[in-house]
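Chain residues, written in single-letter form:
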Amino acid sequence: MFDPQVLVNIGNHFDLKASVFQAPRRGIYSFSFHVVKVYNRQTIQVNLMQNDYPVISAFAGDQDVTREAASNGVLLMVERDDRVYLKLERGTLMGGWKYSTFSGFLVFPL
Amino acid sequence: MFDPQVLVNIGNHFDLKASVFQAPRRGIYSFSFHVVKVYNRQTIQVNLMQNDYPVISAFAGDQDVTREAASNGVLLMVERDDRVYLKLERGTLMGGWKYSTFSGFLVFPL
Amino acid sequence: MFDPQVLVNIGNHFDLKASVFQAPRRGIYSFSFHVVKVYNRQTIQVNLMQNDYPVISAFAGDQDVTREAASNGVLLMVERDDRVYLKLERGTLMGGWKYSTFSGFLVFPL
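Residues numbered from 1 in each chain as written. Chains lettered and ligands numbered in written order. Predicted model: local features only at pLDDT ≥ 70, side-chain atom pairs only at ≥ 80, totals over all residues. Heavy atoms only, no water.

Identification of chain A as C1q domain-containing protein from Poecilia mexicana is taken from an unreviewed UniProt entry. The Subcellular location (unreviewed entry) comment attached to chain A in UniProt states, word for word, "Secreted". (UniProt positions renumbered as here; feature names shortened; annotations may be inferred.)

This is the structure we're talking about:
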């Protein structure tokens, strides 16, 4: 049976706006992300947000590297209709979200 | 139904001592971790331990970056009562485990 | 019941050839990888391949660091008999795949 609680965002088509996950049911979900910055002289901070609350953060700050990812992952207890999404808390993504991924799935319902 | 085989450690509340996962049943589990070091002149090595055996390692060694994560993940066959935890094999974490995460869940029982 | 749709490659025994996952059934699978390069003066790019198509990429390019991982992860809709594997698109891995991992499991069948 198809389980609709899957968010898949692959590679070049990653888009921040479209990537709000709204939970169709209460449960434990697994979320992970890898946000790739291209070469530039700044640090990025990416927050995984649950509703308006930042749950975890990831950083990428190397100034000498062409591409570097800010990655993290977490298991979250999510209520029905909660929104889970990424927020670029610090820095900018020149070149957009290319190569970045954001994935989530229901581990089990509650 | 609530499935108790979940270890969730989020953000600032990460604590090494509390993060020993003891498996309530035999099965395949997914574990992943992101351990964030703050700026300092050393390399950290983090091991994922199953009982007293290191299963996988991750490294963070950039000396010019404010925050960097040592990340890895794995699927593990776990026996009942096995203990799975992180061990800082090398280096120190100034500022503690802030921003670090350690997650695990049962993929399926055996 | 044992579910055979699990690919586990741990630490030192990682081998590119042996790591082709062939899906026994249609479904959504979770894949993640952490490929560790040792110190050398080049950038590596690792692609996660579905059949002959690159789905996502990861990079590691720091030149001053002993070990660094190119990591990414994704949920994939996989057809029966699809092959999923890693490809080193750019650079070389001196010292082989030591410390690298590649994991996948069935999230749910379709």
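And the narrative resumes.
### Here we look at the overall build of chain A
Of regular secondary structure, chain A possesses zero helices and eight strands. Residues counted as buried form 57% of the 110 residues belonging to chain A. Taking all contacts inside chain A whose residues are at least 6 apart in sequence as the whole, residues at least 24 apart take part in 75%. Here chain A displays about 4700 Å² of accessible surface, and carbon together with sulfur accounts for 50% of that area. (Helix = DSSP H or I, 4+ residues; strand = E, 2+ residues; numbered from the N terminus. Buried < 20%, exposed > 50% of the residue type's maximum accessible area, 1.4 Å probe, protein only. Contact = heavy atoms within 4.5 Å. Areas by Shrake-Rupley, 256 points an atom, 1.4 Å probe, with all protein chains shown as cover.)

### Quick notes on the sheet that holds strand β2 (residues 21–22) of chain C
All names here are of chain C. Across the sheet, four strands lie side by side as β2-β7-β4-β5; this open sheet has antiparallel pairing. The open sheet is flanked by β2 and β5 (53–60), the only strands paired with a single partner. Pairing geometry for strand β4 (residues 44–50) and β5, over seven bridges, is antiparallel. In the sheet register, Gln-50 faces β5, and the bridge partner there is Tyr-53. (Pairing = 2+ DSSP bridges.)

### A closer look at the side chain of Ser-100 of chain C
On the secondary structure map, Ser-100 of chain C appears in the loop between β7 (83–90) and β8 (101–109). Polar side-chain contacts of Ser-100 of chain C include one of 2.9 Å to the backbone nitrogen of Val-36 of chain C. (Polar contact = N/O pair within 3.5 Å; in protein donor to acceptor, adjacent residues only side chain to side chain.)

### Re the pairing of strand β3 (residues 27–38) of chain B
All names here are of chain B. For β3, a buried count of 10 out of 12 residues is recorded, marking the element as mostly surrounded by other parts of the structure. Looking at chain direction, β3 and strand β8 (residues 101–109) are connected through eight bridges and run antiparallel. Note on β8: the bridge partner recorded for Phe-33 is Phe-102.

### Quick word on the pairing of β7 of chain C
Residues and elements named next belong to chain C. Where β2 lies against β7, two bridges are found, and the strand directions are antiparallel. When the bridges of β7 are listed, Phe-21 appears paired with Val-84. Relative to β7, β4 runs antiparallel, the two being bridged by six bridges. Bridge pairing in β7 links Asn-47 to Lys-87.

### Side note on the packing of aromatic side chains
Evaluated as defined, the whole model comprises 18 aromatic pairs over all chains. Seen in terms of ring centroids, Tyr-99 of chain A and Phe-59 of chain C are 4.9 Å apart; in terms of plane orientation they differ by 75°. Their pairing is edge-to-face. Taken together, the residues span two chains, with Tyr-99 of chain A in the loop between β7 (83–90) and β8 (101–109) and Phe-59 of chain C in strand β5. Phe-59 of chain C shares its class with Tyr-99 of chain A; the two are buried. Measuring from ring centre to ring centre gives 6.0 Å for Tyr-29 of chain C and Phe-31 of chain C, while their planes differ by 20°; the resulting arrangement is stacked. For the pair Tyr-29 of chain C and Phe-31 of chain C, a shared accessibility class is recorded, and that class is buried. (Phe/Tyr/Trp six-rings, centres within 6.5 Å; stacked < 30°, edge-to-face > 60°.)

### A look at the sheet that holds strand β5 (residues 53–60) of chain B
The strand order across the open sheet built from four strands is β2-β7-β4-β5 (chain B), with neighbouring strands paired in antiparallel fashion. Looking along the sheet, the strands with just one partner apiece sit at the ends: β2 (21–22) and β5 of chain B.

### Brief notes about the pattern of salt bridges
Opposite charge on two side chains permits them to pair, given that their charged atoms come into close proximity. Residue and element names in this part refer to chain A. Counted by the stated rule, this structure contains 12 salt bridges over all chains. Between Arg-83 and Asp-52 there is a salt bridge, with its nearest N and O atoms 3.7 Å apart. Of the two residues, Arg-83 is situated in strand β7 and Asp-52 in the loop between β4 (44–50) and β5 (53–60); the sequence distance between them amounts to 31 residues. Using a relative accessible area of 28% as the deciding quantity, one classes Arg-83 as partly exposed. (Salt bridge = Lys/Arg side-chain N within 4 Å of Asp/Glu carboxyl O.)

### What to know about unusual backbone geometry
Within the chain, Asp-81 of chain A stands out as a residue other than glycine whose phi angle is a positive 75°. Overall, Asp-81 of chain A belongs to the partly exposed group, its relative accessible area being 41%.

### Structural notes on the environment of Pro-24 of chain C
Residues and elements named next belong to chain C. With respect to the helices and strands, Pro-24 occurs in the loop between β2 and β3 (27–38). For Pro-24, a relative accessible area of 36% corresponds to the partly exposed category. When the C-alpha positions of Pro-24 and Glu-79 are compared, they lie 8.6 Å apart, and in sequence the two are 55 residues distant.

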